Amino acid sequence: MRASNASSDLRHESDPLSADFAEQVTQRESDDVLEAISESAQQELRLVQGALRRLEEGRYTTCAVCGEPIEEERLQAVPYTDRCRTCAEGSPRPGGERPRRRPG
Ligand SMILES: [Zn+2]
């Protein structure tokens, strides 16, 4: 009883907030602008969400492709990147020799 109560409470809290926010944004920006930015913004949002997840899992600074640590310089320039500079520039050998392994 208590648990379901709490989760419905959380839902209730986020709903009016997002609706309110969306309305404010719509009022401020024209639909054209929103459409123009939405594509790249959505893509960026996905990258950021992925970065946050990796951060939680403790592999934020680990390249998702080769498993090497991502350069700190690069993380500062592109905070949501999931791969090191070498892999980002395009891996010369798709398919890779090393199998990807997850710690744990
Ligand atoms: Zn890499």
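Residues numbered from 1 in each chain as written. Predicted model: local features only at pLDDT ≥ 70, side-chain atom pairs only at ≥ 80, totals over all residues.

Helices and strands together make up the secondary structure of the protein chain, namely 4 helices and 0 strands. Ordered by position from the N terminus, the helices and strands of the protein chain form the series α-α-α-α. Going through the 104 residues of the protein chain one by one, you find that 4% of them count as buried. Partitioning the intrachain contacts of the protein chain with sequence separation of at least 6 by distance along the chain shows that 29% fall at a separation of at least 24. (Helix = DSSP H or I, 4+ residues; strand = E, 2+ residues; numbered from the N terminus. Buried ≥ 20, exposed ≤ 12 C-beta atoms within 10 Å, placed from the backbone. Contact = placed C-beta atoms within 7 Å.)

With that settled, consider the environment of Leu45. Topologically, Leu45 is positioned in helix 2 (residues 31-57). For the pair Leu45 and Tyr80, spaced 35 residues apart in sequence, the C-alpha separation works out to 9.3 Å.

The next thing to look at is the environment of Leu55. In this structure, Leu55 sits in helix 2. Its 13 C-beta neighbours within 10 Å are what place Leu55 among the partly exposed residues. For the pair Leu55 and Tyr80, spaced 25 residues apart in sequence, the C-alpha to C-alpha distance is 9.9 Å.

Let us now look at the confidence of the model for the protein chain. For the protein chain, the average pLDDT comes to 75, and 55% of its residues sit at 70 or higher. By mean pLDDT, the top-scoring element of the protein chain is helix 3 (residues 72-77) (93), and the lowest-scoring one is helix 1 (residues 2-28) (57). (pLDDT = per-residue confidence, 0-100.)

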